[in-house]
Structures are given as structure tokens and as C-alpha cells.
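So the chains spell out like this:
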Amino acid sequence: MDMQDSRRIAAPREVVWAALNDPEVLKAAIPGCDSVEKTGDNELAAQVTLKIGPVKASFSGKVTLSNIDPPNGYTISGEGQGGAAGHARGGADVRLEADGEETILHYTVRAEVGGKIAQLGSRLIDATAKKLAGEFFERFAAEVAPPGPEEIASNTPKKKWWKLGLG
């Protein structure tokens, strides 16, 4: 499966770059994520629980960052094992483009699945992947965007860019 898209994020490129490298922000943004831990300079370990059609599985995986070009982008690749449900392997090229005070995040994703998950059919897998990508970027944008007037008025902001030490 291949997927390509762009998303506008209401935060400067340096803020988006820092958030893409912050395990806590990634944990909050990844649907079904139970944990994300930094295990090395350019490596992370993650635990994610997902439901794809009738199959629900917990995946343990390793993520590696390469082609790192701060604050312009990187390549992220990983693989995860979901026990009897199967396995997944893939990667994404992520490129950040400054656009005034906002950032356009461009990504190209490549993924392969095997085991029970692969038996579900490509249409279901593709639809689920698009849904998960949409959820990720919605959550990610909420984590890094400046607070809206209602958040300021309620005095209950989510974790935001100023907590990344950039504000």
C-alpha cells in the first residue's frame, strides 16, 4: 500500500519538527498507542493496539529515523509484530515546508502487512490506513497548534508547543 498527502499545521516549522521528534507528542497523536519510548539516538520502541475490521491486535514495534535533515524532514521506518494477527512493515518520507507562521507537512507512506491482517483484503486495509492517518494528523495538529480562545478561556490547554521548550 502506498499513500501520499499533505497537511497544513498551524505552527511554525521548528515547532512541528520538535513535535515529530517528541515521544510524548507522538504517543498522544498515534491512534491506539499505548507507549512510545526513545531507545537510541534515532530509534524508538512503540506499543499500539488497533482494530482492523474484525481483527484486534497489539503490535510491538521498532521505529528508526534516517535521512534526518532538521527542520526539513526525515525518513521514518518500522516494523511491528501483532502475534497471531500478523505483522506490519513500512516507512514514510516526511518533508516540512514553512508557509508563513504555519507548516505544510508532506508525507509519502509505504506499508506491507502479513498474516491474518493481510487476509482482510486491500480495500479494508487501505481504508483503515487512510482513517488512521487522518486521526494521527488531527491529533498531532491539536498537540502542536497554539491554543484557541476557548482553551485560553477555560484555562485547560492540552500539551502544546510551549511545553516543547520552544515558546
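Okay, so let's go over this structure.

Calculation criteria
Residues numbered from 1 in each chain as written. Predicted model: local features only at pLDDT ≥ 70, side-chain atom pairs only at ≥ 80, totals over all residues. Heavy atoms only, no water. Salt bridge = Lys/Arg side-chain N within 4 Å of Asp/Glu carboxyl O. Helix = DSSP H or I, 4+ residues; strand = E, 2+ residues; numbered from the N terminus. 1 Å grid on protein atoms, 1.4 Å probe; cavity = no way out; pocket = protein on both sides within 12 Å on 5 of 7 lines; lining within 4 Å. Points joined across faces, edges and corners; volume = space filled by probe spheres on them. Nonpolar A, V, L, I, M, F, W, Y, C, P; charged D, E, K, R; others polar. Contact = heavy atoms within 4.5 Å. Pairing = 2+ DSSP bridges.

Turning our eyes to something else, we now look at the pattern of salt bridges. Should the charged atoms of two oppositely charged side chains come close, the side chains can pair. Summed over the entire model, instances satisfying the criterion amount to 7 salt bridges. In this structure, the salt-bridge partner of Glu-112 is Arg-89, at a minimum N-O distance of 3.7 Å. Separated by 23 residues along the polypeptide, Glu-112 in strand 7 (residues 102-114) and Arg-89 in strand 6 (residues 87-99) bring together distant segments of the chain. Overlapping salt bridges, with partners in common, bring together Arg-8, Asp-99 and Glu-102 in one network.

On to the layout of surface pockets. Computed from the structure, the largest pocket encloses a volume of approximately 1400 Å³. Forming the boundary of the largest pocket are 46 residues, of which Ile-30, Leu-50, Val-109, Ala-111 and Leu-132 lie nearest the centre. Where the lining of the largest pocket is concerned, the elements lending two or more residues are strand 3 (43-52), strand 4 (55-69), strand 5 (73-81), strand 6, strand 7 and helix 3 (122-144). Take the lining of the largest pocket: its biggest share by element is 9 residues, from helix 3. Tallied by class, residues from the lining of the largest pocket come to 31 nonpolar, 9 polar and 6 charged.

All right, on to the environment of Ala-111 then. Following the sequence through the fold, Ala-111 ends up in strand 7. When sequence neighbours within four positions are dropped, the list of residues in contact with Ala-111 reads Met-1, Arg-89 and Gly-90.

So, about the pairing of strand 5. Judged from the 8 bridges that link them, strand 4 and strand 5 form a sheet pairing that is antiparallel. Bridge pairing in strand 5 links Leu-65 to Ile-76. In textbook terms, the turn of a hairpin is the stretch between consecutive antiparallel strands, and for strand 4 and strand 5 this stretch comprises 3 residues. Across 9 bridges, strand 5 lies against strand 6 in antiparallel orientation. Considered in strand 6, the bridge of Gly-78 is made with Gly-90. Connecting the antiparallel pair strand 5 and strand 6 is a turn made up of 5 residues, with Gly-83 showing a positive phi of about 65 degrees.

With that settled, consider the pairing of strand 6. The pairing of strand 6 with strand 7 spans 13 bridges and is antiparallel. In the sheet register, Arg-95 faces strand 7, and the bridge partner there is His-106. Between strand 6 and strand 7, which pair antiparallel one after the other, the connecting turn spans 2 residues, and Gly-100 there sits at a positive phi close to 65 degrees.

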